Amino acid sequence: MPPSSPRATAPFEDRTRLRHDWSIDEASAQLDQPLNDLLFAAQSAHRAYFDPNQVQVSTLLSIKTGACPEDCGYCSQSAQHETGLERERLLPVDEVLESARAAKQDGATRFCMGAAWRNPTDKNLEQVVAMVRGVKALGLETCVTLGMLARHQAKRLRDAGLDYYNHNLDTSPEYYGQVISTRTYQDRLQTLEHVREAGLKTCSGGILGMGESRRDRASMLVQLATLPAHPESVPINLLVQVEGTPLFGTEALDPFELVRTIAAARVMMPGSYVRLSAGRAAMSDELQALCFAAGANSVFCGDRLLTTDNAAAERDQQLFARLGLQPEAVALEGRDQPGACHKSVDQDVAFRDRQHPESFSGLRA
Ligand code: SAM
Ligand code: DTB
Ligand code: SF4
């Protein structure tokens, strides 16, 4: 019997080439497909760029918590919301490095540091630079998320050896005003431009389950996929509802919408890591398995996200084992004993192939 969707019958090359000209109608058509057709397209794209059984593992640490002047409607850390969160000062470098060492022992290959700032001051940035240098020296990849970044600050972080900068678009341009009023969508795009032009890798995605429509999710994916370069990492967060935030009590998203959005992200940005990000603690193992089948290939491991609980490390270990998933290695040298997430093979070849798809057997760009 022939496949039911024209997408599923498209030549392999058309389903895997990197495109930067997606329209909202095309993205919506992806999301609207029968789920099996969408999963087939996503898996084809995934296998063209990645080993589908490998998952990149990051660990997250809040280096400065609470008292943020922004009003993001989902966030526990906004000073404008009564969430009962204790405000904390910027952590000392040695405390950050202690957490990074523990994350490495537990099998993480990337350490992400988040600060509840609208933007860092240049003085703040020097303190973060010291953290980045220290974490890098441990043999971990580094990522920071500090809010809006000026051009010279992005360059400063690049010179310090930072690998990734996380800055999310969060939702569609059309829905954005329902969620945040203290900075604009254009502000976010500009920070992404500074990050990209400094030569840092971009980590940018959004949050689902904030009351947005499927078309909003399509529109957000179009924003990401039509950037001059696809973000190397695309976190898809499911809203963690925090009491005291304006979005607390929002109707829960149909879990299949999360699966569909991940699959569409995989199809539209096939060479990017798609991270099943916040929200895993409340997801069943079966839902997470579907997300991995839809093309998610990155997670946060560790018991905490920034201010909320993550899926427990032991549960993740068991889930990975049950699904035959392997934590991805970045570099084998300098690694300690395998920790909770055991290492597998060196990914150099796969990495080279993603950067230069013309050299990848089976894929014609
Ligand atoms: N303050 C910086 C900023 O907003 O750019 C960095 C930290 S901020 C907490 C990083 C991202 O975490 C947000 O852009 C949002 O996408 C995500 N996030 C925050 N709270 C969340 C929640 N309750 N549920 C899901 N994602 C959340
Ligand atoms: C991202 O997209 N998700 C992470 C990370 N980037 C910084 C943050 C999730 C935060 C979830 C709510 C909390 O723990 O405060
Ligand atoms: Fe502040 Fe970031 Fe939270 Fe927005 S998401 S309130 S900018 S910490």
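Structural data are supplied above this passage.
I will try to describe carefully the structure that is included in this document. Please read all numbers here as calculations on a predicted model, not as lab measurements.

**Some words on the site of ligand 1**
(1) Moving on: Contacts to ligand 1 come from 16 residues, most closely from Thr145, Asn168, Asp170, Arg183 and Val240.
(2) Moving on: Note that a nitrogen atom of ligand 1 is positioned 2.9 Å from one of the backbone N or O atoms of Val240.
(3) Moving on: Taking 550 Å² as the accessible area of ligand 1 by itself, protein coverage stands at 90%.
(4) Moving on: Looking at the shell around ligand 1, its residues break down into nine nonpolar, five polar and two charged.

**Topic: helix 5 (residues 93-105)**
An α-helix turns once every 3.6 residues. As a result, residues three or four positions apart point the same way.
(1) Moving on: Its 13 residues give helix 5 an end-to-end C-alpha distance of 18 Å, which sits within 8% of 18 Å, the value for a rise of 1.5 Å per residue.
(2) Moving on: Among the residues making up helix 5, those that are buried are Val96, Leu97, Ala100, Ala103 and Lys104. The buried residues of helix 5 occupy an angular sector of 115 degrees when projected down its axis, which confines them to one face. In helix 5, the exposed residues that point more than 90 degrees away from the buried face are Asp94 and Glu98.
(3) Moving on: Buried residues in helix 5 make contact with strand 1 (54-64), strand 2 (110-115) and helix 6 (122-137).
(4) Moving on: Positive backbone phi, approximately 100 degrees, marks Gly107, located one or two places after helix 5.

**Focus on the site of ligand 3**
(1) Moving on: Every residue close to ligand 3 is listed here: Cys68, Glu70, Cys72, Tyr74, Cys75, Ser78, Ala116 and Arg183.
(2) Moving on: Classifying every residue of the shell around ligand 3 gives five nonpolar, one polar and two charged.

**Some details on the nonpolar core**
(1) Moving on: If you look at the biggest cluster of nonpolar residues, it comprises 88 residues, and the most contacted ones within it are Leu146, Leu157 and Leu258.
(2) Moving on: Among the elements that take part in this core, helix 10 (residues 255-268) stands out by supplying eight residues, more than any other.

**Looking at the pattern of salt bridges**
(1) Moving on: Applying the stated criterion across every chain yields a total of 20 salt bridges.
(2) Moving on: Between Arg215 and Asp25 there is a salt bridge; the shortest N-O distance is 2.9 Å. Taken together, the residues Arg215 in helix 9 (residues 214-225) and Asp25 in helix 3 (residues 24-32) connect sequence positions 190 residues apart.
(3) Moving on: What makes Arg215 partly exposed here is its relative accessible area of 43%.
(4) Moving on: Taken together, the salt bridges that share partners define one network made up of Asp32, Glu212, Arg214, Arg217 and Glu257.

Criteria and thresholds
- Residues numbered from 1 in each chain as written.
- Chains lettered and ligands numbered in written order.
- Predicted model: local features only at pLDDT ≥ 70, side-chain atom pairs only at ≥ 80, totals over all residues.
- Heavy atoms only, no water.
- Near = heavy atom within 4 Å.
- Polar contact = N/O pair within 3.5 Å; in protein donor to acceptor, adjacent residues only side chain to side chain.
- Areas by Shrake-Rupley, 256 points an atom, 1.4 Å probe, with all protein chains shown as cover.
- Nonpolar A, V, L, I, M, F, W, Y, C, P; charged D, E, K, R; others polar.
- Helix = DSSP H or I, 4+ residues; strand = E, 2+ residues; numbered from the N terminus.
- Expected span 1.5 Å × (residues − 1).
- Buried < 20%, exposed > 50% of the residue type's maximum accessible area, 1.4 Å probe, protein only.
- Arc of directions from axis to C-beta.
- Contact = heavy atoms within 4.5 Å.
- Core = buried A, V, L, I, M, F, W, Y, C linked by side-chain atoms within 4.5 Å.
- Salt bridge = Lys/Arg side-chain N within 4 Å of Asp/Glu carboxyl O.

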